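Secondary and tertiary structure notes
Residues per chain are reported as follows:
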Amino acid sequence: MFATSERVREPTEGKTDTMSDSMRAGAIWERVGRRLRAELGEDVFSSWFKSIEIDLAETDAVRLSVPTRFLKSWIDHHYKDRIIARWSEEAGQAVAIEVVVRTAAGARAVSRPRPVEEAARPAVPAPAPQRHDGTHLSAAQNTLGGSPLDPRLTFETFVQGRSNTLARAAALQVAQSRPTDAVLFNPLYIHAGVGLGKTHLLQAVAGTAQAGGRRVLYLTAEKFTFGFVAALKNQTAIAFKEALRNIDLLIIDDLQFLQGKQTQAEFCHTLNALIDAGRQIVVAGDRPPSDLENLDERVRSRLAGGLTVEIGALDENLRFDILKQKLAHARAQHPGFDVPPTVMSYVAKNVTQNGRDLDGAFNRLIATNRLTNQPVTIEMAERSIRDLVRIAEPKRVKIEDIQKIVAQHYNVSRSDILSSRRTATVVRPRQIAMYLAKTMTLRSLPEIGRRFGGRDHTTVLHAVRKIEGLVGQDPALSEEVEALKRRLND
Ligand code: ADP
Ligand code: MG
């Protein structure tokens, strides 16, 4: 089934590789460190990066260790992408990076590359993969190094919005289908920028399918990569593949981090084998398959043969709904805690980047409230989430610019907009321009009226109300208006 070479390193080859890899890695890490220090400042650097050590270094895969779980989680969430980017630049090739916690000295020693004599004999006995029951599955999980599932990331806690309806529906369909059902979209590929809910959705699929009795393996692409590195080192590649073959649903997160020719070839075989056997694959990545430059062409075309869906940016409504859900959850734990609606709106309006920043903002409100007993007010929120608010330095938008850009967008001239012509092709753009003038500048209605060819302020008011109403009903128009606003704010 897995027609692929059982490539086990020659002991001597292993040694030279490891020696030079780790020496080179040391030098690269030094350069990466210097750049991080320059980019982030001495304080940040010494808080988070000083204690990092290189645990294992391959040409295209590096394992870094830190002393505490907290550090690991912080680095994973805030700095890992940056480390990967800098390391890859310094190394001149794409590199997968994993951060682990170094615990007792003993545990650490195990994860170090073993000396040659030891490496020649298998250290881990291969699990016997005959039975497909629970016992075997956990052996498979171990062999395959499945990533842990977070019980909070479920479909129930995944808030639906305009930007994720399709992805959610496809994920739910896959999660609820039974082993006997025909596989509908395979692979299902979900892509989105950072913090838009990919991992949440994937974990929801994993949890739901598992609860439905299916054998699920959820892996980050890095785990997949490191699974192979470890398996090849331990000479358990056969056991690894056997275990992989005994699953119904393979879920791979962060495919953009799948690195290395060998790993990609293995991944490709795995995909083909599982798909041909009628097993479901779900994959997430930060961009569409066609943009994954480092990806093996065969993998790309296999992915393109399934269903690809995108999760778009979280709009303000969705951000508000996500916050509302977080509040309900927080109140269940801290009954005295509350966030007034005005603060919820403030956060939803201003923390616009992604779900992680929303998490961060919300946690700060709780922390500040719990630690200082301050009630949650707009002022308190402003202070505690200042750095998460997108530099809100209000750009001065000029009415002329609004007229120009709106005219351009609707392919009419600015003088049409100022004129008294009442054809529909001109009336709607004119109303939109007035609406934008009212919402994006501090000008009064009479002033706007004057600037729109000497109109009465009631005309302007009518236009503003009209567009406000339409934006609430017509998603396409609302998109258009948002796009115009973005252009004006650029
Ligand atoms: P990604 O994997 O795409 O980078 P995550 O799934 O880790 O993003 O999401 C980041 C955070 O935002 C998580 O805490 C997640 O629960 C939250 N989040 C994102 N989208 C939603 C949503 N639609 N409903 C509820 N929480 C969401
Ligand atoms: Mg993720």
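So, a few notes on the structure that sits alongside this text. (Residues numbered from 1 in each chain as written. Chains lettered and ligands numbered in written order. Predicted model: local features only at pLDDT ≥ 70, side-chain atom pairs only at ≥ 80, totals over all residues. Heavy atoms only, no water.)

How two helices sit against one another is set out by the angle between their axes and by the gap between those axes. In contact at an axis separation of 8 Å, helix α8 (residues 165–176) and helix α9 (residues 198–211) are set at 20° when each is read in the N-to-C sense. In terms of axis orientation, α8 runs roughly parallel to α9. The two elements α8 and α9 meet at a crossing, and its hand is right-handed. For the pair α8 and α9, the contacting residues are A167, R168, A171, V174, A175 and Q176 in the first and L201, V205, T208 and A209 in the second. (Axes fitted to C-alpha atoms, helices over the stretch in contact; angles between N-to-C directions. Helix = DSSP H or I, 4+ residues; strand = E, 2+ residues; numbered from the N terminus. Parallel < 35°, antiparallel > 145°, perpendicular 65-115°, else oblique. Left-handed = near helix turned anticlockwise from the far one by under 90°. Contact = heavy atoms within 4.5 Å.)

This part covers the sheet that holds strand β1 (residues 53–57). Strands belonging to one sheet form pairs held by backbone hydrogen bonds; the direction of such a pair is parallel or antiparallel. In spatial order, the strands read β1-β2-β3; together these three strands make up an open sheet with mixed pairing. Both outer strands of the open sheet, β1 and β3 (96–101), are each paired with one neighbouring strand and no more. Pairwise comparison of adjacent strand axes, ignoring direction, gives a mean angle of 30° for this sheet. The pairing of strand β2 (residues 61–66) with β3 spans six bridges and is classified as parallel. Within β3, the residue paired with R63 across the bridge is E98. Together, β1, β2 and β3 form the strand contacts of helix α4 (residues 80–91), whose direction differs from that of β3 by roughly 135°. (Pairing = 2+ DSSP bridges.)

Attention now moves to the site of ligand 1. V159, G195, H200, R356 and D359 are the nearest of the 17 residues found near ligand 1. A distance of 2.7 Å separates a nitrogen atom of ligand 1 from a polar backbone atom of V159. Within the contact set of ligand 1, an oxygen atom lies 3.3 Å away from a backbone nitrogen or oxygen of L196. For the shell around ligand 1, the elements supplying multiple residues, two or more each, are α9 and α16 (355–372). (Near = heavy atom within 4 Å. Polar contact = N/O pair within 3.5 Å; in protein donor to acceptor, adjacent residues only side chain to side chain.)

This paragraph deals with the pattern of salt bridges. Inspection of the entire model under this criterion finds 29 salt bridges. A salt bridge links R82 to E39; its shortest N-O distance comes to 2.7 Å. Of this pair, R82 sits in helix α4 while E39 is found in helix α1 (residues 11–40), placing the two residues 43 residues apart along the sequence. According to the relative accessible area criterion, R82 is partly exposed, its value standing at 31%. Residue D401 pairs with K404 through a salt bridge whose shortest N-O separation is 3.8 Å. With D401 and K404 both in helix α18 (residues 399–410), this residue pair falls three residues apart, about one helical turn. A relative accessible area of 26% means that D401 is categorised as partly exposed. We classify K404 as partly exposed; its relative accessible area is 48%. Salt bridges linked by common partners bring R31, R35, E39, R82, R86, E89 and E90 together as one network. (Salt bridge = Lys/Arg side-chain N within 4 Å of Asp/Glu carboxyl O. Buried < 20%, exposed > 50% of the residue type's maximum accessible area, 1.4 Å probe, protein only.)

Judged by nonpolar contacts, the single largest core of 51 residues is most densely connected at I251, V339 and V347. With six residues, the top contributor of residues to this core is α9. Lining this core are residues from two domains, each supplying at least three of them: domain 2 (140–310) and domain 3 (316–388). Grouped together as the second largest cluster of nonpolar side chains are 27 residues, V406, Y435, L436 and L445 included. (Core = buried A, V, L, I, M, F, W, Y, C linked by side-chain atoms within 4.5 Å. Domains from an automatic or database assignment.)

Between α18 and helix α20 (residues 424–440), whose axes approach to 9 Å, the crossing angle comes to 145°. Our pair here, α18 against α20, has a crossing hand that is right-handed. Counted together, I399, I402, V406 and Y410 of α18 and P429, I432, A433, L436 and A437 of α20 form the full contact between these two elements. For the contact of α18 with α20, a count of residues per class yields nine nonpolar, no polar and no charged. (Nonpolar A, V, L, I, M, F, W, Y, C, P; charged D, E, K, R; others polar.)

A few words now on the sheet that holds strand β5 (residues 216–220). The five strands are arranged β5-β6-β7-β4-β8 in an open sheet whose pairing can be described as parallel. Sheet topology places β5 and β8 (307–310) at the edges, where each strand pairs with a single neighbour. Taken over all neighbouring pairs, the strand axes of this sheet differ in orientation by 15° on average, direction set aside. The pairing of β5 with strand β6 (residues 249–253) spans five bridges and is parallel. Looking at the pairing, Y218 lines up with I251 of β6. The strands that α8 touches are β4 (188–191), β6, β7 (280–285) and β8; relative to β4, the one it contacts most, it runs at about 145°.

This part covers the pairing of β6. For β6, a buried count of five out of five residues is recorded, marking the element as mostly surrounded by other parts of the structure. Both β6 and β7 contribute to a ladder of four bridges, which runs parallel. Its bridge partner lying in β7, I252 is registered against V283. Each parallel crossover has a hand, and for β6 linked through helix α12 (residues 261–276) to β7 it is right-handed. (Right-handed = clockwise from strand over helix to strand, strands pointing away.)

With that out of the way, let us pick up the environment of N186. Following the sequence through the fold, N186 ends up in the loop between α8 and β4. Look at N186 and you get buried, because its relative accessible area is 15%. Once you skip the residues sitting within four places of it in the chain, N186 turns out to touch I275, R279, Q280, I281, G305 and G306. A polar contact is formed between the side chain of N186 and the side chain of Q280, at a distance of 3.2 Å.

Bringing helix α22 (residues 457–473) into the picture now. An α-helix turns once every 3.6 residues. As a result, residues three or four positions apart point the same way. For α22, built from 17 residues, the straight-helix expectation of 24 Å at 1.5 Å per residue is met to within 8% by its first-to-last C-alpha distance of 25 Å. Buried within α22 we find V460, A463, V464, I467 and L470. Buried residues of α22, seen end-on, are gathered within an arc of 135° and therefore sit on one face of the element. Opposite the buried face of α22, by more than 90 degrees, sit the exposed residues R465, G472 and Q473. (Expected span 1.5 Å × (residues − 1). Arc of directions from axis to C-beta.)

Between two aromatic rings, the relevant description is the distance of the centres plus the angle of the planes. By the definition in use, this model includes five aromatic pairs. A centroid spacing of 5.3 Å and a plane angle of 85° characterise the contact between F224 and F267, whose relative ring orientation is edge-to-face. Of the two residues, F224 sits in helix α10 (residues 221–233) while F267 sits in helix α12, which places them 43 residues apart along the sequence. Linked through ring pairs, F45, F49 and Y79 together constitute an aromatic cluster. (Phe/Tyr/Trp six-rings, centres within 6.5 Å; stacked < 30°, edge-to-face > 60°.)

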